[in-house]
Amino acid sequence: MTQTKAHVIIIGAGFTGCALAYDLARRGLAVTVVDRGEIASGTSGRTHGLLHSGARYCVNDQESAIECIHENIILRKIAHQCIEYNGGFFVALNEQDLAYQARFEIGAQQCGIEIDAIHPQKARQLEPNLNPAVLAVYHVPDGVFDPLRLALAFAASARFFGAEFLPYHEMENFLTNGQGTVTGIKLWNRLTNAHSELKADLVVNATGAWAGMILKKIGASVVVTPTPGIMVAYNRRLINRVINRLNEPGDGDILIPQRRMVVIGTTSYEAEEVDYIPVEKEQAIQMDRDAISLVPGVATCNRRGVYMSARPLIGKGEAGRSLARTFKCFDHRETDGIEGLVTITGGKATTCRLMAEKTADLVCQKLGLTATCETACEPLRSYREYYRPSGVNR
Amino acid sequence: MKNNQPAPGKALRWFDPRHRQPGTWAFILNRITALGLTLYLALHLIMLGKLAQGPDAYDTFIALAKTPWIKVGELLVISAGLIHGLNGIRIALTSFGIGVTVQRQLFWGFLTLALLGTVIFGYFMFFVH
Amino acid sequence: MTEGHWHVTFCIYRKKGDQPPFYQDFPLEVDPDEYVLDGIERIWAFHDRSLTFRHACHHSTCGACGMLVNGVEKLTCITPIRAVTKNGGTIRVEPLRNFPVLSDLVVDMAEFYLRMEQAHALQVVPVAQSTLPYEPPPFPDDGLPHQRLNDCIECGMCVSACPIALTASSYQGPAALAATQQTYSLTGEKSLLSLVDCADGVWRCHSGFECTAVCPSNVDPAWRIMELRRQVIRHRIQRIFHQDR
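Worth saying up front: this structure is predicted, and the values here are computed from it rather than measured.

Asker: Let's hear about the overall build of chain C: which residues, and what values?
Answerer: A tally of helices and strands in chain C yields nine helices and nine strands. Principal-axis analysis of the C-alpha atoms gives chain C an extent of 75 × 50 × 25 Å. Taking all 245 residues of chain C together, 62% fall into the buried category. If you take every contact in chain C between residues at least 6 apart in sequence, the share linking residues at least 24 apart comes to 62%. When the accessible surface of chain C is split by element, carbon and sulfur atoms take 52% of a total near 9100 Å². Here chain C holds 22 positive side-chain charges and 28 negative ones, and the gap between their average locations is 7 Å.

See below:
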């Protein structure tokens, strides 16, 4: 008898879903990714686009910081095709910021993040549009990526290794064997309005901020707090490096260059309903102010876009900022007594490959496979290959 | 079933000026004037053929050519020739990378020239001769 | 009615599977400063879950949300409702032209992306050479070899607006030709010229300049096509005098 490949369904084609599909397909599993929309049409697509150096978290959330710097180095290598890597600055603008300096230096050192103190005058030479009132400046290995293309690159690589993608297929419900084991999902093809069923050996819920909503259908739960943040894009590229406020993570403290724009982010509030979260006008105005305080030239720019993205934060906290930015993988046999179902949520775009690696490890362990992760070395396939019709050049 | 893909049969939609830019208006004008000039060439050849039928046929033709409606038609031919020729210069220039960033201004400029030329010709045709 | 809000009707192109297409009206109360894409997303969230549309970044870096808004190609994520209608007005939303429609507002980008790949389109370019030669240098330049994501976001709107792409499916299209020009100017790779020196390449363009008019990202495909023609001619003349090239 020929051994057929173990089949895994991944719900959600965001960064995690695409990266996980790539990892599992590379390990030799049969993978189907379903998403109710296009690739990266939820949180992932609307990400700020910052390839974190980890310095943002090196004082308060060192676990995330260490993940970030490791993944930053890997992504620069494997996803160079969609990253502008020009480094970033952390800038101090007042006494409070200066007081944070010592903790920042120690934190960065502890996390293994290379930071360089730069004389403010020199920094203004490098970035002429930087606020002339900067008191201290550090260089960090930040970068900027294109959100959709990063997800597409992972998806294209997954397809190259045989994974199948079903965009515009909404997961309606789980299929079970009646004894608490998930055996597949029911699907609604939104392109044709057809309904179907898909069987699998294991289902991975990679829906991020929607993870709780999906799990409700089967009576399982994880505590995920959808924590949206507002971002504003302006129509001129005033900087080449990412400009971060040298302080604890807060609102409007990161200004990134992207194509011909600069984009400021972000805020943090909690939302119950995640399918549609309106953009708060007051928060956008606050973003304008924050952007101007980092780079005064923003005042002369026009807004190009105002948008929000809902982070999936694990746990339930009063303020979203207090929740760790790390990720977590749940085996629902242990949490809810449900076999054949795994949830991955939390984390951030920069760490999506690592999230996929850890989830794939769990998936393989549950399926009794010994394959190991191979996604960290080889560059991803061209993101454009994702749209290639199946059967072409394969 | 409505097909959203390219098809040669959609060429008629080239002539829909709605939501289009001066570039397309020029494109449309160039095609209309070209069709007009081709039609005129055909008529012109037929008329020349009349010459072979003797002096009487020629005189009848000249008398016809002096009626106002034919004069208007001739003015249209002149106008079409000017528009097509001048816009042709614009296309030739931009195709060699000259004046691409001012192609709109070139269009309006040449169109004004063509209309001016038409008015001058019209003046001589209707009021001088 | 909330103060300052408008009542706007979204008239949306609908199509599922092999069924015939139709238009469906969705009356909506909107803030005129919201973007067209926000309205479409709300229709999906609160009125009709079967509506499909492409979107990702919501700030014009991904190029997924190009659609026909009131007959004109618009990147819906950066098009304020105020710019395309008035209070009590209608916004007609259709999928891009010259692309096969998969469902509702979703078009098939496979062929387009394939052509971009064949044109060796770059996605990351040196900042110093990232703008058009006729533009004043708009970015700070400290002499370091900075790179940035390219202007072209592969939204397909230039192909949608192109009158030639309407009738000739084999035309390489403004986006791919513009990409070829940019890659050639950065690499000097001569084989790129022979790729476009054909009836479906640079010579197919009929100077409608619609591509440049709808481009949301300063690519100026028309200028690039004309420049590419110049390079093709220059290369041909050079070949006459230097047979070895």
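There's plenty left to go through after this.
Asker: Now, about unusual backbone geometry: what can you tell me, with residues and values included?
Answerer: Between Gly265(A) and Thr266(A) the backbone carries a cis peptide bond, its omega angle lying at -10°. In this fold, Thr266(A) is placed in the loop between strand 17 (261–265) and helix 7 (281–294). Not every positive phi belongs to a glycine, and Glu154(C) is a case in point at roughly 55°. Positionally, Glu154(C) belongs in the loop between strand 9 (147–149) and helix 4 (157–161). Residue Glu154(C) is classed as buried on the basis of its relative accessible area of 1%. Even without a glycine there, the phi angle at Phe209(C) is positive, about 60°. Mapped onto the elements, Phe209(C) comes out in the loop between helix 7 (191–196) and helix 8 (210–214). Residue classification places Phe209(C) among the buried positions, given a relative accessible area of 8%.

Asker: Summarise the interface of chain B and chain C; cite the residues concerned and give the values.
Answerer: Counting residues at the interface gives 28 residues for chain B and 35 residues for chain C. Buried area between chain B and chain C, summed over both chains or domains, comes out near 2600 Å², and the portion from carbon and sulfur atoms is 62%. Taken together, the connections running from chain B to chain C amount to one salt bridge. Across the salt bridge formed by Arg20(B) and Glu210(C), the nearest N and O atoms sit 3.8 Å from each other. Summed over the shared surface of chain B and chain C, the result is eleven residue pairs in polar contact (both at pLDDT 80 or more).

Asker: Provide a residue-level description of the interface of chain A and chain C, including the pertinent values.
Answerer: Listed as interface residues are 52 residues of chain A and, on the opposing side, 63 residues of chain C. Both faces combined, the contact of chain A with chain C buries some 4900 Å², and carbon together with sulfur accounts for 51% of it. A per-residue breakdown of the area chain A buries against chain C is headed by Arg260(A), Tyr276(A) and Arg384(A), which together make up 18% of the total. Scanning the region where chain A abuts chain C turns up ten salt bridges. The partner of Glu38(A) in a salt bridge is Arg54(C), with the nearest N and O atoms 2.8 Å apart. Those elements that provide at least two residues to the side of chain A that touches chain C are strand 4 (83–84), helix 4 (120–126), helix 5 (147–160), strand 17 and strand 18 (303–314) of chain A. Counting residues per element, the side of chain A that touches chain C draws most heavily on strand 18 of chain A, which supplies four residues. Of the residues assigned to the side of chain A that touches chain C, the class counts are 22 nonpolar, 13 polar and 17 charged.

Asker: Explain the sheet that holds strand 5 (residues 88–92) of chain A residue by residue, including any values.
Answerer: Residues and elements named next belong to chain A. Here we have eight strands laid out as an open sheet, ordered 6-7-5-15-16-17-14-18, and mixed in their pairing. Bordering the open sheet on either side are strand 6 (116–118) and strand 18, each of which pairs with just one other strand. Ignoring which end each strand starts from, the neighbouring axes of this sheet average 25° apart. Here strand 5 runs beside strand 15 (residues 242–245); their pairing, made up of four bridges, is parallel. Bridging from a neighbouring strand, Phe89 pairs with Ile243 of strand 15. Of the strands in this sheet, strand 5, strand 7 (136–140) and strand 15 are in contact with helix 3 (residues 95–111), which crosses strand 7 at around 35°. On the sheet, helix 7 packs against strand 5, strand 14 (224–234), strand 15, strand 16 (254–258), strand 17 and strand 18 and is oriented at approximately 60° with respect to strand 14.

Asker: So what about the environment of Lys16(C)? Which residues, and what values?
Answerer: Position of Lys16(C) among the secondary structure elements: in the loop between strand 1 (6–14) and strand 2 (22–30). Judged by its relative accessible area of 6%, Lys16(C) is buried. The spacing of Lys16(C) and Thr183(C) is 167 residues in sequence and 39 Å in space, taken between C-alpha atoms. Setting aside anything within four residues of it in sequence, one finds Lys16(C) in contact with Arg190(A), Leu191(A), Thr192(A), Asn193(A), Ser50(C), Thr52(C), Ser103(C) and Asp104(C). Here the side chain of Lys16(C) touches Ser50(C) through a polar contact of 2.6 Å, landing on its backbone oxygen.

Asker: Describe in detail the environment of Gly346(A), supporting the description with residues and values.
Answerer: Residues and elements named next belong to chain A. Counting through the fold element by element, Gly346 comes out in strand 20 (residues 341–346). Along the sequence, Gly346 and Thr207 sit 139 residues apart, while their C-alpha atoms lie 9.8 Å from each other. Among all residues touching Gly346, those that are not within four sequence positions of it are Pro312, Ile314, Thr326, Phe327 and Met355.

Asker: Any chance you could break down the pairing of strand 2 (residues 30–34) of chain A for me, citing the residues and the numbers?
Answerer: All names here are of chain A. Burial of strand 2 is extensive: four of the five residues sit out of reach of the surface. Bridge count for strand 1 (residues 7–11) against strand 2 is five bridges, and the pairing is parallel. Its bridge partner being in strand 2, Val8 is matched across the sheet by Val31. As a crossover connection, the stretch from strand 1 through helix 1 (residues 15–26) into strand 2 is right-handed. Where strand 2 and strand 9 (residues 164–166) come together, three bridges link them in parallel fashion. Paired with Thr32 across the two strands is Glu164, which belongs to strand 9.

Asker: Now, about helix 5 of chain A: what can you tell me, with residues and values included?
Answerer: Residues and elements named next belong to chain A. Taking 1.5 Å as the rise per residue, helix 5 with 14 residues should run 20 Å; its terminal C-alpha atoms sit 20 Å apart, in good agreement. For helix 5, a buried count of twelve out of 14 residues is recorded, marking the element as mostly surrounded by other parts of the structure. Every buried residue of helix 5 is listed here: Pro147, Leu148, Arg149, Leu150, Ala151, Leu152, Ala153, Phe154, Ala155, Ala156, Ser157 and Ala158. Its side-chain oxygen 3.2 Å from the backbone nitrogen of Leu148, Asp146 forms the N-cap of helix 5.

Asker: Can you lay out the domain arrangement of chain C for me, pointing to particular residues and giving the numbers?
Answerer: Size of an interface: often given as the accessible area lost when the parts come together. All names here are of chain C. Here chain C is described as being made up of domain 1 (6–107) and domain 2 (110–241). The C-alpha-based centres of domain 1 and domain 2 are spaced at 28 Å. The interface of domain 1 with domain 2 comprises 13 residues on the first partner and 14 residues on the second. Together domain 1 and domain 2 conceal approximately 1100 Å² of surface at their shared face, both sides included; 60% is due to carbon and sulfur atoms. By the criterion of area lost to domain 2, the three top residues of domain 1 are Glu73, Asn98 and Phe99, representing 47% of everything that side buries. Counting every contact that joins domain 1 to domain 2 gives zero salt bridges. Put simply, domain 1 and domain 2 have five residue pairs in polar contact (both at pLDDT 80 or more) between them. For the side of domain 1 that touches domain 2, the elements supplying multiple residues, two or more each, are strand 3 (66–69) and strand 4 (72–75). Among the elements that line the side of domain 1 that touches domain 2, the one with the most residues is strand 4, at three residues. Along the lines of polarity and charge, the residues of the side of domain 1 that touches domain 2 split into five nonpolar, five polar and three charged.

The rules behind these values
Residues numbered from 1 in each chain as written. Chains lettered and ligands numbered in written order. Predicted model: local features only at pLDDT ≥ 70, side-chain atom pairs only at ≥ 80, totals over all residues. Heavy atoms only, no water. Helix = DSSP H or I, 4+ residues; strand = E, 2+ residues; numbered from the N terminus. Buried < 20%, exposed > 50% of the residue type's maximum accessible area, 1.4 Å probe, protein only. Contact = heavy atoms within 4.5 Å. Areas by Shrake-Rupley, 256 points an atom, 1.4 Å probe, with all protein chains shown as cover. Lys, Arg positive; Asp, Glu negative; His and termini not counted. Charge placed at Lys NZ, Arg CZ, Asp CG, Glu CD. Buried area = accessible area lost by both parts, 1.4 Å probe. Salt bridge = Lys/Arg side-chain N within 4 Å of Asp/Glu carboxyl O. Polar contact = N/O pair within 3.5 Å; in protein donor to acceptor, adjacent residues only side chain to side chain. Nonpolar A, V, L, I, M, F, W, Y, C, P; charged D, E, K, R; others polar. Pairing = 2+ DSSP bridges. Axes fitted to C-alpha atoms, helices over the stretch in contact; angles between N-to-C directions. Right-handed = clockwise from strand over helix to strand, strands pointing away. Expected span 1.5 Å × (residues − 1). Domains from an automatic or database assignment.

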